[in-house]
Amino acid sequence: MKKVLGTICIVLNLAAVAQTKEDSIQFSKISTEILNNGKAYNELRDLTKNIGHRLSGSAAYEKSVQWAAQQLRDAGADKVWLQEVMIPVWERGKESLQIKTDAGKWKSLKMLSLGNSEGTGGKNISGEIIMVKSMDEYEKLPAEKVKDKIVFFNYPFSQSYIETFKGYSDAAKYRTTAASLTAKKGGKFAIIRSLSSAFDDVPHTGAMRYQDDKKIPAVAIGNTVADELEKLLKSQKVTAKLNSNCGMKGERLSHSVIGEITGKKDQNVIVVGGHLDSWDVGEGAHDDGAGIVQSIEVLRTFKKLGIQNNHTIRVVCFANEENGVKGGIQYGKTAKENNEKHIFAIESDAGGFTPRGVALEMDETKRKQIQGWKSLFLPYGAYDFENQYSGTDIYPLRDMGVPTAELVPDSQRYFDIHHTEEDTFEKVNRRELLLGATVMTQLIYMVDKNW
């Protein structure tokens, strides 16, 4: 009996070794194809230079919808379609922020209104600036100290976190709530220090939201500008003057873009995607043009290498992630209504930098299975499979019990340029972008084969 059991163990071990070798060979083929023949970098150049930034509801976004549909066809998708989604429309318009001391002249500051913020209606709004360094400090201020003032929330992006997304999450509450907090105590508008890891004067936009209070403006300034303003406020009274034309313009019918290659075994769906929209500054290259072209590259590579996928592999270019997540919500709703079985979803929305691993938000059994493939990924620089989170657009799928994930690139430079005019094609490295597509394709290959 012991001999029989020993023989069985040897056979199983040999089969596991053979499978690992086969997978390693396929990983190499995927990498070789993408690094030599990948189209993602050229596609990103086309998207960013010929269309540019793609705010939801803009004419540029609508151009990008047709662009993405064509890229998916060219990549070899069996089916390509547009999924209708109602999206909020926010427009920036002309804007300016000036400050002056009692003895000085008006000085213009580089600034950006926060996304979804209401403006001043083209009129000047002015008042004395008061500064707080934290939420606790603001909460202790009596309303009479805030009334008719401009509140400057000077909370810095923490440089202590090695994972910069933790620094971003820590500071994000100031961006989302500054306007409402200021309005509740009678302030005129809010200024925030940008959610930026860089020491420069570049302002970062990003979504804010209102509660059930007066909708007052909120704007962001860069780190060095914030430091200069802090110095002034410590020694003298400073007045600010804002003039802006931004605001919500209702809703509009738009689309997410979807393409897929049909499964040979069943119609269970594996989603790989990014968001097609961007903010209205820069070119939306890292956020999230990179994720879009990487996802299309996954599909193209499966077709080019003739990999017979068991399950349907579906690329989703989500609409409206930046200021509403309406594309992701609509996708989840439609999937549920159509009783589609999704077995896995991954999003790339953390920049086109060198991939370090994949974050996994799923049950422990599935996590352990993917972590068991780690040795296959190590030659490609992907080693971190410990994080437990996933992309914003696929949270409705996660809430439905679908195992979800997110590509984890090196994050050290991302929040230098995130949501700014600096997010341009020139900031993306070809090999880093294609390595991200490689790791995503390799992971989809393993999930498709083993689930």
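Small disclaimer: the values here were computed from a predicted structure and weren't measured. (Residues numbered from 1 in each chain as written. Predicted model: local features only at pLDDT ≥ 70, side-chain atom pairs only at ≥ 80, totals over all residues. Heavy atoms only, no water.)

Engineer: Looking at this structure, I do not really get helix α3 (residues 59-75). What am I missing?
Structural biologist: Each α-helix turn comprises 3.6 residues. Residues three or four places apart therefore point the same way. For α3, built from 17 residues, the straight-helix expectation of 24 Å at 1.5 Å per residue is met to within 8% by its first-to-last C-alpha distance of 25 Å. Within the span of α3, buried status applies to Ala 60, Tyr 61, Ser 64, Val 65, Trp 67, Ala 68, Ala 69, Gln 71, Leu 72 and Ala 75. The inward-facing, buried residues of α3 abut α2 (40-50), β1 (79-91), β10 (247-261), α8 (285-305) and β12 (312-318). Two residues or fewer past α3, Gly 76 is found with a positive phi of approximately 105 degrees. (Helix = DSSP H or I, 4+ residues; strand = E, 2+ residues; numbered from the N terminus. Expected span 1.5 Å × (residues − 1). Buried < 20%, exposed > 50% of the residue type's maximum accessible area, 1.4 Å probe, protein only. Contact = heavy atoms within 4.5 Å.)

Engineer: Any chance you could explain the UniProt feature "domain: Peptidase M28" (unreviewed entry) in the protein here in plain terms?
Structural biologist: With numbering aligned to this structure, UniProt lists the feature "domain: Peptidase M28" (unreviewed entry) at residues 257-433. Along residues 257-433 one finds 33% helix and 21% strand; the C-alpha atoms at either end are 21 Å apart. (UniProt positions renumbered as here; feature names shortened; annotations may be inferred.)

Engineer: Got a minute to help me understand the sheet that holds β12 in this structure?
Structural biologist: Reading across from one edge, β1-β10-β12-β11-β13-β15-β14 is the order of the 7 strands in this open sheet, with mixed pairing throughout. The strands lining the two open edges of the sheet, one partner per strand, are β1 and β14 (355-361). The average angle at which neighbouring strand axes cross in this sheet is 20 degrees, direction not considered. Sheet topology places β10 next to β12; 5 bridges connect them, and they run antiparallel. The residue bridging Ile 261 from the neighbouring strand is Ile 313, located in β12. Where α3 meets the sheet, its contacts fall on β1, β10 and β12, and the angle it forms with β10 comes to roughly 5 degrees. Packed onto the sheet, helix α9 (residues 326-337) meets β1, β10, β11 (269-275), β12 and β13 (342-347) and runs at close to 140 degrees relative to β1. (Pairing = 2+ DSSP bridges. Axes fitted to C-alpha atoms, helices over the stretch in contact; angles between N-to-C directions.)

Engineer: In this structure, what is going on with the environment of Glu 340? I would like to understand it.
Structural biologist: For Glu 340, the location among the structural elements is in the loop between α9 and β13. C-alpha separation for the pair Glu 340 and Lys 94, spaced 246 residues apart in sequence, amounts to 45 Å. Here Glu 340 is in contact with Arg 314, Tyr 331 and Ala 335, once residues within four sequence places are set aside.

Engineer: Help me understand the nonpolar core in this model?
Structural biologist: In summary, soluble globular proteins display a tendency toward joint burial of nonpolar side chains. Among the nonpolar cores identified, the biggest contains 67 residues, and Phe 344, Ile 346, Val 358, Ile 370, Trp 373, Leu 443 and Ile 444 are the most heavily contacted of them. The leading source of residues in this core is helix α14 (residues 430-450), at 11 residues. Tyr 168, Leu 181, Tyr 210 and Phe 353 belong to the second largest nonpolar core, which has 28 residues in total. (Core = buried A, V, L, I, M, F, W, Y, C linked by side-chain atoms within 4.5 Å.)

Engineer: Sorry, what's going on with α2 here?
Structural biologist: Regarding α2, the residues found buried are Ala 40, Tyr 41, Glu 43, Leu 44, Leu 47 and Thr 48. Each buried residue of α2 lies within a common arc of 160 degrees when the element is viewed along its axis, so the set occupies one face. Note on α2: the residue one or two positions beyond its end, Gly 52, has a positive phi of about 90 degrees. (Arc of directions from axis to C-beta.)

Engineer: When you look at the sheet that holds strand β5 (residues 125-132) in this model, what are you seeing that I'm missing?
Structural biologist: Paired through backbone hydrogen bonds, the strands of a sheet run either parallel or antiparallel to each other. Across the sheet, 8 strands lie side by side as β3-β2-β9-β5-β6-β7-β8-β4; this open sheet has mixed pairing. Looking at strand neighbours, the two that pair on one side only are β3 (107-109) and β4 (112-113), the edges of this open sheet. Of the pairings in the sheet, the one linking strand β2 (residues 95-101) to β3 comprises 3 bridges and is antiparallel in character. Looking at β3, one finds that Ile 99 is bridged to Lys 107. Strands in contact with helix α6 (residues 164-184) are β6 (150-153), β7 (189-193) and β8 (218-221); relative to β7, the strand with the most contacts, it is inclined by about 155 degrees.

Engineer: Help me understand the environment of Gly 187 in this model?
Structural biologist: By the secondary structure assignment, Gly 187 is in the loop between α6 and β7. Residue classification places Gly 187 among the buried residues on the basis of a relative accessible area of 8%. In this structure the C-alpha to C-alpha distance between Gly 187 and Lys 147, which are 40 residues apart in sequence, comes to 4.8 Å. Sequence-distant contacts of Gly 187, that is, excluding residues within four places in its chain, are made with Val 146, Lys 147, Asp 148, Lys 149, Thr 182 and Ile 216.

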